[in-house]
Amino acid sequence: MFNLILFGPPGSGKGTQSEKLIAKYGLKHLSTGDLLRNEISQKTSLGQAAQNFMDQGQLVPDEVVIGMISSALDANPEAQGFLFDGFPRTSAQAEALDKLLELKKTPIAVMLALDVSEEELVKRLVKRGETSGRSDDNNESVIRARIMEYHNKTTAVADHYKAFDKVVLVKGEGSVDDIFTRLCKEIDARN
Ligand code: AP5
């Protein structure tokens, strides 16, 4: 079993690269953003509770996303490994994930952290907002609020895994294929 965290700020390419990585390595993709958007589209009570936070570019409360990930892990007992995308995003989420994986005796192998300048992040998300229909992409102040949440609450997650020597910084600018090659090189060195 190989568990990977693909880390990085909003717009750094986590979703784009996750699709390619799960196809190559046969991992189960767990994206809390996708799970939450699915809850919203199904109009569940969890989705309704999450929507306000997401529309404002704020993180959804820890207990909501930890519960979602716990259920997703239980629902995939046959997985060969998990790719976590957009989770964990706070120290509390990182500690909860470590405990959940400890119960399954399958730790995080590595955190690959995509490094992209803020100017490039905003450019990518403003461009996607022209067509994506994502409510958190269509306003530059919400995009900047998401990046601020990342700096205030999420960078601590990298420090958590640095203490276990599990973080590798990967240049996240350039072509999608070149970035994918860089990520694969790091995975192949550990898999
Ligand atoms: P989430 O869905 O996780 O979004 P995000 O982290 O803001 O990330 P994005 O999907 O915007 O970017 P990405 O890094 O995946 O990049 P992508 O590949 O899409 O979270 C949304 C919200 O849900 C949060 O704000 C929060 O409210 C809530 N939430 C989710 N998880 C949570 C958690 N754990 N705790 C609490 N709340 C949570 O690429 C972006 C764009 O760039 C695309 O248009 C893409 O085509 C383009 N692109 C990608 N690569 C390149 C490249 N190399 N060159 C040029 N363009 C590129």
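Scroll up for the structure.
A few points on the structure. The model shown is predicted, which means the values in this text are computed figures rather than measured ones.

1. Points about the overall build of the protein
Part 1: The secondary structure content of the protein amounts to eight helices and five strands.
Part 2: Ordered by position from the N terminus, the helices and strands of the protein form the series β-α-β-α-α-α-β-α-β-α-α-β-α.
Part 3: In terms of overall size, the protein behaves like a compact globule, its C-alpha atoms giving a radius of gyration of 16 Å where 191 residues would be expected to give roughly 16 Å.
Part 4: Reported as C-alpha extents along the three principal axes, the dimensions of the protein are approximately 40 × 40 × 30 Å.
Part 5: Put simply, the protein has 191 residues, and 44% of those count as buried.
Part 6: Accessible surface computed for the protein: about 9900 Å², of which carbon and sulfur atoms make up 49%.

2. Details of the pairing of strand 5 (residues 167-171)
Part 1: A one-sided burial pattern is seen for strand 5, the buried positions being Val 168 and Val 170 and the unburied ones Val 167, Leu 169 and Lys 171.
Part 2: Note that strand 4 (residues 108-115) and strand 5 share five bridges and pair parallel. From the neighbouring strand, Met 111 faces strand 5, where its bridge partner is Val 167.

3. Notes on the nonpolar core
Part 1: The biggest cluster of nonpolar side chains holds 27 residues, and the ones touching the most others in it are Ile 5, Phe 7, Ile 69, Leu 73, Phe 84, Leu 97 and Tyr 161.
Part 2: Only strand 1 (3-7), helix 3 (45-55), helix 4 (62-74), strand 3 (82-85), helix 5 (91-103), strand 4 and helix 7 (140-162) provide two or more residues apiece to this core.
Part 3: With five residues, the top contributor of residues to this core is helix 4.
Part 4: If sequence neighbours within four positions are ignored, Ile 5 has contacts with Phe 84, Phe 87, Pro 88, Leu 97, Ile 108, Val 110, Met 111, Leu 112 and Tyr 161.
Part 5: Leu 27, Leu 114, Val 168 and Ile 179 belong to the second-largest nonpolar core, a separate cluster that totals 17 residues.

4. Observations regarding the site of the ligand
Part 1: Near the ligand lie 30 residues; those nearest to it are Thr 16, Gln 58, Arg 89, Arg 128 and Arg 146.
Part 2: Taking Thr 16, its side chain carries an N or O atom lying 2.5 Å from an oxygen atom of the ligand.
Part 3: Here the ligand loses 86% of its free accessible area of 1000 Å² to cover by the protein chains.
Part 4: Listed by contribution, the elements that provide at least two residues to the shell around the ligand are helix 1 (14-25), helix 2 (32-41), helix 6 (118-129) and helix 8 (176-188).
Part 5: A breakdown of the residues in the shell around the ligand according to their chemical character gives eleven nonpolar, eleven polar and eight charged.

5. Describing the sheet that holds strand 5
Part 1: Taking strand neighbours across the sheet as the criterion, the five strands line up as 2-3-1-4-5 in an open arrangement whose pairing is parallel. Two strands close off the open sheet at either side, each with one partner strand: strand 2 (28-31) and strand 5. In this sheet, adjacent strand axes meet at a mean angle of 20° when their direction is disregarded.
Part 2: Summarising the sheet, strand 1 and strand 3 pair through three bridges and their orientation is parallel. Looking at the pairing, Ile 5 lines up with Phe 84 of strand 3.
Part 3: Packed onto the sheet, helix 2 meets strand 2 and strand 3 and runs at close to 70° relative to strand 2.

Thresholds applied
Residues numbered from 1 in each chain as written. Predicted model: local features only at pLDDT ≥ 70, side-chain atom pairs only at ≥ 80, totals over all residues. Heavy atoms only, no water. Helix = DSSP H or I, 4+ residues; strand = E, 2+ residues; numbered from the N terminus. Rg over C-alpha atoms; globule rule 2.2 N^0.38 Å. Buried < 20%, exposed > 50% of the residue type's maximum accessible area, 1.4 Å probe, protein only. Areas by Shrake-Rupley, 256 points an atom, 1.4 Å probe, with all protein chains shown as cover. Pairing = 2+ DSSP bridges. Core = buried A, V, L, I, M, F, W, Y, C linked by side-chain atoms within 4.5 Å. Contact = heavy atoms within 4.5 Å. Near = heavy atom within 4 Å. Polar contact = N/O pair within 3.5 Å; in protein donor to acceptor, adjacent residues only side chain to side chain. Nonpolar A, V, L, I, M, F, W, Y, C, P; charged D, E, K, R; others polar. Axes fitted to C-alpha atoms, helices over the stretch in contact; angles between N-to-C directions.

What is shown is where atoms sit, not what they do.
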